[in-house]
Amino acid sequence: MLTNQNRTTRLLVVLAALVLSACSAAQKDAPPIEEVWIPMSGGVRLAADIHWPTGRIEGERYPVLLTYSPYRKDESRSGSQSWFSYFLDNDYVVVRVDIRGTGRSEGVTIPYEYSDIELDDGEVVIDWLSKQPWSTGNVGMFGLSWTGFNSIQMAMRNPPALKAFIAMMSTEFLYQEDVHYMDGIIHTDSWMMSHDLYNSMPGAPDFVLDEAWVKNRFEREPSVYTYMRQQRDGPFWDRASAKDQYDRIRIPGYHIGGWYDGYRNSLPRMLENVDAPQKAMIGPWDHHSPNNARPGPRIEWRHEAVRWFDHWLKGEDTGILDEPRFAVYVRDYHPPDDSMSTIPGRWRWEDGWPIERTDHQDWYAHPDHSLSVETADGATHRMDYKPSIGLEGGGPTMWWGSIPPDQQSMDDHSLVYDSEPLEEPLEILGRPIASLNVSADAIRANWVVRISDVAPDGQVTQIAGAAFNGTHRNSAREPEDLVPNEVFPLDIEMHFTSWVFPEGHRIRVAVSNAQWPMLWPTPLPFTSTLAIGGEEGARVSLPVIPSTEWRAPDFKDPVAGKGLPGYESIESGNATGYAAITEIQRDPETGAALG
């Protein structure tokens, strides 16, 4: 028989069990993140999300991976958790920090990308992370785009706790290759406006519209004005550019790029010029993480990242330094179709950069608009400037990335030189160089050179290109007006590329003076000339790779990440996340293109 006391005792035990069960369930179901505030100078605090390792043991110390971003951590917590999950499963703490004056962080919004304010704060953040009771003291940085850029820039500062970094879809050459002055010409880009708009928003989840928000964010000058005042290369761009000061980087770096991303030129330069250990891979990707990129094939880059960080942050011999330094996805032919989900090709190891077996072949433009390895007779070709052409050349996202549409419509308004059908496949890997002697009868002119693959069915696929601001022919730091009708040389280094021209296809070189709307047009009408033939004739040097035996890396397939339900945000735009041209229409009477 149960007494009242027994009943009471049993009831208390049941209630205690229910409470413990509820607490256990709450702990189990709680998001594996914790927001903390990192103190900066002047009493400002930066908001940080700590993503804890899977199966974290209280009291254990873990190496820390930092991603340092202006892109509002709260609204993208689910995506961040999914992206970070591979690292969390491998015993890393991952910390995402909102840059000063962005997202949830306090203070005045940063005046522009990669300011000293941002990078000074970054050193404080790294030091703070290294001294927390759950940290081993070893910090790595990683990121894509902005967070890849500032990973390189923090490595230039060499903070003691920063042991290694990974930079994806990033460049160390801010003036010529960031979105503001691509190839030294004002670049039309949707990101520039969206960036300032996002930074003016108050922090989530409360979005408080008070006087502090008005003062610190809403009334700040948009960064686009700063960039418009910095149209020449110089100290403003040098402050955070590693180019020509590679000796400042003494921290090991792993660089990941994509053939359809506009920042890919940095990979060979970093391999060639940085003395600290560097590795790189380049795949068939747009401005996106390789584990969920489009186009594919996708790979589990985070497996390689863990091997990299395990070596430098945990002191484990993962064998990653025993492998060749550069993994390259060699592109085979594909038509100019941006709906492609997979790019044909194959992976290959290269020992580093430059590739010693490269055969630099000169292909010459001829008076009859042919292209061959034979020198040509002399001639002068002329072209009237059409500032509105070039919609096809810039591709959907209006940069030297993504998959551009068929180039024929732009070629119809360009000087075009085609080879005979190739008798055997021809592989190129590197940066082709166009050597031109040109003139214009105005004081301002730009030149654009593109290389394309012309298939037997007539489709024209762009495989490389670059532009040149004629006023920069002597210096991008001290531009000079053109002298009307004066002939001068240009050596235009095109953007990093890989391609295998199949047998029966033609190589095409196209020269024009505009690529609108990607590049801002010059204001004056003019006619330009291009010298053909002889020692000064137009030619391109192709970095041809002879056929040889090759080794391939064995990358793993992507692993599905684990997001956080309830923290999703609505995505928009194309594969890069930005506004894109999805259709081109033409006026039947004028031929003008509309995107």
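Residues numbered from 1 in each chain as written. Predicted model: local features only at pLDDT ≥ 70, side-chain atom pairs only at ≥ 80, totals over all residues. Heavy atoms only, no water.

Enquirer: Where do I start with the nonpolar core in this structure?
Expert: Nonpolar side chains in soluble globular proteins tend to end up buried together. Within the largest apolar cluster, 68 residues are counted, with the highest numbers of intra-cluster contacts made by Leu66, Val97, Leu129 and Ile249. In terms of residue count, the dominant contributor to this core is helix H4 (residues 146–157) (six residues). Setting aside chain neighbours within four positions, we find leucine 129 in contact with Val64, Leu66, Val95, Trp134, Ser135 and Val139. In this structure, Tyr254, Tyr260, Phe309 and Ile403 belong to the second largest nonpolar core, which totals 50 residues. (Core = buried A, V, L, I, M, F, W, Y, C linked by side-chain atoms within 4.5 Å. Buried < 20%, exposed > 50% of the residue type's maximum accessible area, 1.4 Å probe, protein only. Helix = DSSP H or I, 4+ residues; strand = E, 2+ residues; numbered from the N terminus. Contact = heavy atoms within 4.5 Å.)

Enquirer: Would you mind showing me how to read the sheet that holds strand E3 (residues 62–69) here?
Expert: Pairing between sheet strands relies on hydrogen bonds along the backbone, with the strands arranged either parallel or antiparallel. The 10 strands lie next to each other as E1-E2-E4-E3-E5-E6-E7-E8-E9-E10, forming an open sheet whose pairing is mixed. The open sheet has two edge strands, strand E1 (33–39) and strand E10 (345–350), and neither has a second partner. Within the sheet, the average angular offset between the axes of one strand and its neighbour, ignoring direction, is 20 degrees. As judged from the four bridges shared by E3 and strand E5 (residues 135–144), these two strands associate in the parallel manner. The partner of leucine 66 across the bridge, within E5, is methionine 141. Relative to the sheet, helix H2 (residues 77–88) contacts E1, strand E2 (45–51), E3, strand E4 (93–98), E5 and strand E6 (162–168), its axis offset from that of E2 by approximately 55 degrees. Strands E3, E5, E6, strand E7 (253–258) and strand E8 (278–283) of the sheet are contacted by helix H11 (residues 301–313), whose axis makes an angle of about 160 degrees with E6. (Pairing = 2+ DSSP bridges. Axes fitted to C-alpha atoms, helices over the stretch in contact; angles between N-to-C directions.)

Enquirer: Sorry, what's going on with the environment of threonine 67 here?
Expert: Structurally, threonine 67 is set in strand E3. Residues threonine 67 and valine 36 lie 31 residues apart in sequence; the distance between their C-alpha atoms is 15 Å. Setting aside anything within four residues of it in sequence, one finds threonine 67 in contact with Phe84, Val95, Arg96, Val97, Phe142, Gly143 and Thr147. There is a polar contact of 3.3 Å between the side chain of threonine 67 and the backbone oxygen of phenylalanine 142. (Polar contact = N/O pair within 3.5 Å; in protein donor to acceptor, adjacent residues only side chain to side chain.)

Enquirer: Even after reading the chapter, I still don't get the side chain of aspartate 453, so can you show me in this structure?
Expert: With respect to the helices and strands, aspartate 453 occurs in strand E17 (residues 446–454). Arginine 506 is the oppositely charged side chain nearest to the buried, salt-bridge-free aspartate 453, at an N-O distance of 9.2 Å. Apart from residues no more than four positions distant in its own chain, aspartate 453 is found in contact with Tyr333, Gln459, Val460, Thr461, Ile463, Trp499, Phe501, Pro502, His505 and Arg506. (Lys, Arg positive; Asp, Glu negative; His and termini not counted. Salt bridge = Lys/Arg side-chain N within 4 Å of Asp/Glu carboxyl O.)

Enquirer: What is the right way to look at the environment of leucine 436 in this model?
Expert: Mapped onto the secondary structure, leucine 436 falls in strand E16 (residues 433–440). Taking the relative accessible area as the measure of exposure, leucine 436 reaches 4% and is therefore buried. Taking the C-alpha atoms as reference points, leucine 436 and tryptophan 447, 11 residues apart in sequence, are found 9.8 Å from one another. Discounting residues that sit within four places of it in the chain, leucine 436 has contacts with Val449, Phe488, Pro489, Leu490, Ile492, Val511, Leu530 and Ala538.

Enquirer: Would you mind going over the packing of helix H3 (residues 116–130) against H4 with me for this structure?
Expert: Two quantities define a packed helix pair, namely the angle between the axes and the distance from one axis to the other. The geometry of H3 relative to H4 is characterised by a closest axis approach of 10 Å and an angle of 75 degrees between their N-to-C directions. For the element pair H3 / H4, the angle class is roughly perpendicular. Listed contacts from H4 to Asp116, Glu118, Leu119, Asp120, Gly122, Glu123 and Ile126 of H3 are Trp146, Asn150, Gln153, Met154 and Arg157. (Parallel < 35°, antiparallel > 145°, perpendicular 65-115°, else oblique.)

Enquirer: When you look at the packing of aromatic side chains in this model, what are you seeing that I'm missing?
Expert: Each aromatic ring pair is specified by the distance between its two centres and by the angle formed by the two planes. Per the counting criterion, the structure on display carries 38 aromatic pairs. Where tryptophan 213 meets phenylalanine 218, the ring centres are 5.2 Å apart and the plane angle is 40 degrees; that geometry is what we call tilted. For the ring pair tryptophan 308 and tryptophan 312, a centre distance of 5.8 Å and an interplane angle of 65 degrees mean the geometry is edge-to-face. Pair noted here: tryptophan 308 and tryptophan 312 are both in helix H11, with a separation of four residues, about one helical turn. By relative accessible area, tryptophan 312 is classed as partly exposed at 24%. Ring pairing ties together the aromatic residues Tyr71, Tyr114, Trp146, Phe149, Trp191, Tyr263 and Trp399, which thus form one cluster. Between arginine 45 and the ring centre of tryptophan 37, over which it is positioned, the NZ or CZ distance is 4.4 Å. A cation over an aromatic ring shows up here: arginine 346 above the ring of tryptophan 550, its NZ or CZ 5.7 Å from the ring centre. (Phe/Tyr/Trp six-rings, centres within 6.5 Å; stacked < 30°, edge-to-face > 60°. Lys NZ or Arg CZ within 6 Å of the ring centre and 35° of its normal.)

Enquirer: What's the story with the pattern of salt bridges in this structure? I'm lost.
Expert: Side-chain pairs of opposite charge can arise where the charged atoms are in close proximity. For the coordinates displayed, the defined rule picks out 36 salt bridges. In this structure, aspartate 74 engages arginine 77 in a salt bridge whose closest nitrogen and oxygen atoms are separated by 3.8 Å. Like aspartate 74, the residue arginine 77 is buried in the burial classification. Note that glutamate 123 is salt-bridged to arginine 157, the shortest N-O span being 2.9 Å. In this pair, glutamate 123 sits in helix H3 while arginine 157 sits in helix H4, placing the two residues 34 residues apart along the sequence. Via salt bridges that share partners, Glu35, Asp49, Lys73, Asp74, Arg77 and Arg104 belong to a single interconnected network.

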